Amino acid sequence: MERYKDIIPNFEAFKAVLHRPLFNCCRINTLKIERARLLERLDEKGIGWRIFDWYPFGLKLDVQSPGKLLENLLGYIHIQEELSMLPPLLLDPQPGEVVLDLCASPGSKTTQISQMMNNQGLVIANEPSLARVSPLRSNCERLGALNVAITRYDGRNFPRGSFDRVLVDAPCTSEGRERRGRGTIARSNRKRSLDLQKLQIGLLKNATRLAKPKGVVIYSTCTYAPEENELVVEKVLDDARLERISISGLKDCPGITEWSGETMKGDLSKCARYYPHINDTGGFFVAKLIKN
Amino acid sequence: MNSSEVARLWKSRFGIPEKAFAGYRFFRKAQSVWMISASDLPNLSYEALGMRIMNLKDRPWKPTTCALQILGKHATKNLVHLNESQAMTFLEGKSLPVDTNLEPGYVVVLYREEVLGCGLYSRGIVISQLPKERRMTSCS
Ligand SMILES: C[S@@+](CC[C@H](N)C(=O)[O-])C[C@H]1O[C@@H](n2cnc3c(N)ncnc32)[C@H](O)[C@@H]1O
């Protein structure tokens, strides 16, 4: 973790916040219930909630086991980390479009995309791991996502398409999840990041190929390692350009442009980094690319 | 499977109007029927298409709970309205006596106008058909 001392602002505050657990968060699933009605139900049950400053369908819940709520079993809400709701928002899918979610399981973002499209158009949710297809299916069914088709390709070889938008929510070292369970940062190291980097570059390159011209590609991870973030995005900048990210109510830090003494090409500062001590969340990285 | 064949079955059991099925495509794989929003499907190899809505293996055919939660609000017959304590029993996956006159078979189970899921009714008893992972765990 000390290797991030120079890139994470206010490093002592960062280390301190890792000991504090996160709020339980959920997304209101408007495919099944109106937002106002859901909030009313929580009030009737005396469950405390607070809407995110940056997203009207995200809630912090003051409850021990939100997964056991009837509202969750009936698919009115979906338990989802706060910043996990950010990539779909940046992807900005529209009803009627054709969207690819290249690394989909368990489908938190797939179902959010489906909700944003109001079940119209098509979401291809790709997940190679057979074991992880069943939670993906189960979440889609519980949440009433009716415009989702599931495929099982290795994302690097997903064969063809001309998608309006592609999301790459890549497998990563998950350092940003430290507040959900201690030890992910301790287990993470540069070697593991470099192993994953090969896969991540393969995924993002193929995603860029699969987007139609001017199509949007979002690349996200929940880790801090530049090897898995900016250094992956850098590899597709011949085929796509970065767009600056700015979400009102959520503070981001610019992507880094120098690492281990090397300067990266392109304007990677347009990527966004989110740190746990800044918004009281987990840690996250996102890049928004527009294909040439 | 075409939309009107599917709609006919749901209409005869639950009185759901055919228009509730407009805008979807249906696929049959083995004994299951799947429903997905209508749009062109790119030429890919698919693992699943939309939502599994019914199983034709059993006689009578069986609707899934997730499909009833979407389509059941249009149902006009074979509905069972529960009170709060009955709803809890149903949500725990158990059977409960109900005082209604229904045709035996699958029913739409509701509480406060909201569809909870699928039940199997016969001779005064509704047996909860909620899948295990959608059940409430009882506190005792
Ligand atoms: C960070 S998780 C995705 C979380 C998901 N997007 C959500 O919001 O619920 C990464 C996923 O990528 C999958 N994955 C691993 N290798 C892959 C590959 N070669 N191609 C596509 N997906 C892959 C993993 O099985 C895992 O489910």
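The following refers to the structure shown. Owing to the predicted nature of the structure, the values given are computational and were not obtained by experimental measurement.

Criteria and thresholds
Residues numbered from 1 in each chain as written. Chains lettered and ligands numbered in written order. Predicted model: local features only at pLDDT ≥ 70, side-chain atom pairs only at ≥ 80, totals over all residues. Heavy atoms only, no water. Near = heavy atom within 4 Å. Polar contact = N/O pair within 3.5 Å; in protein donor to acceptor, adjacent residues only side chain to side chain. Areas by Shrake-Rupley, 256 points an atom, 1.4 Å probe, with all protein chains shown as cover. 1 Å grid on protein atoms, 1.4 Å probe; cavity = no way out; pocket = protein on both sides within 12 Å on 5 of 7 lines; lining within 4 Å. Sits in = over half its atoms within 2 Å of the grid points. Helix = DSSP H or I, 4+ residues; strand = E, 2+ residues; numbered from the N terminus. Nonpolar A, V, L, I, M, F, W, Y, C, P; charged D, E, K, R; others polar. Buried < 20%, exposed > 50% of the residue type's maximum accessible area, 1.4 Å probe, protein only. Pairing = 2+ DSSP bridges. Points joined across faces, edges and corners; volume = space filled by probe spheres on them. Contact = heavy atoms within 4.5 Å. Buried area = accessible area lost by both parts, 1.4 Å probe. Salt bridge = Lys/Arg side-chain N within 4 Å of Asp/Glu carboxyl O.

**Overview of the site of the ligand**
Residues and elements named next belong to chain A. Around the ligand lies a shell of 18 residues, among which Lys109, Glu127, Arg132, Gly155 and Asp169 are the nearest. Gly107 is positioned with one of its backbone polar atoms (N or O) 3.1 Å from an oxygen atom of the ligand. Between the ligand and Lys109 there is a distance of 2.9 Å, counted from an oxygen atom to a side-chain nitrogen or oxygen. Here the ligand has 610 Å² of accessible area as a free molecule, and 84% of this is covered by the chains. With respect to the detected pockets, the ligand is housed in the largest pocket. Of all the secondary structure elements, the ones that give two or more residues to the shell around the ligand are helix H5 (108-116) and helix H8 (190-210). For the shell around the ligand, the per-class residue count stands at nine nonpolar, four polar and five charged.

**Considerations on the pairing of strand S9 (residues 114-122) of chain B**
All names here are of chain B. Of all nine residues in S9, seven are buried, a share of seventy percent or more. Of the strand pairs in this sheet, strand S8 (residues 105-111) and S9 are connected by seven bridges, and their pairing is antiparallel. Looking at S9, one finds that Val108 is bridged to Cys118. With antiparallel pairing between neighbouring strands as the criterion, S8 and S9 make up a hairpin whose turn holds two residues, including Arg112 at a positive phi of roughly 50°. Here S9 pairs with strand S10 (residues 125-128) via four bridges, running antiparallel. Residue Leu120 lies in a different strand from S10, and its bridge partner there is Ile127. In this structure, the hairpin formed by S9 and S10 is closed by a connection of two residues, where Arg123 is found at a positive phi of approximately 40°.

**Structural notes on the layout of surface pockets**
In this structure, the largest pocket occupies an estimated 1000 Å³ of space. Within the residue set of the lining of the largest pocket, elements represented by two or more residues are strand S1 (24-28), helix H3 (70-73), strand S4 (77-79), H5, helix H6 (130-143), strand S8 (163-169) and H8 of chain A. Examining the composition of the lining of the largest pocket, we find that four residues originate from one element, H6 of chain A, more than from any other. When the residues that make up the lining of the largest pocket are grouped by side-chain class, the tally is 18 nonpolar, 19 polar and 13 charged. Empty space within the second largest pocket amounts to approximately 500 Å³. Around the second largest pocket, the lining comprises 21 residues; the ones closest to its centre are Leu31 and Lys32 of chain A together with Gln69, Ile70 and Lys73 of chain B. Listed by contribution, the elements that provide at least two residues to the lining of the second largest pocket are helix H2 (65-71) and S9 of chain B. Ranked by residue count, the leading element in the lining of the second largest pocket is H2 of chain B, at three residues.

**Topic: the interface of chain A and chain B**
Facing the 31 residues of chain A at the interface are 32 residues of chain B. With both sides pooled, the region where chain A packs onto chain B buries about 2600 Å², and carbon together with sulfur makes up 58% of that total. In terms of surface lost to chain B, no three residues of chain A exceed Leu73, Glu141 and Leu146 of chain A, which account for 26% of the buried area on that side. Linking chain A with chain B are two salt bridges. Of the charged contacts, one joins Arg41 of chain A and Glu114 of chain B as a salt bridge, the two residues approaching to 2.5 Å between their closest N and O atoms.

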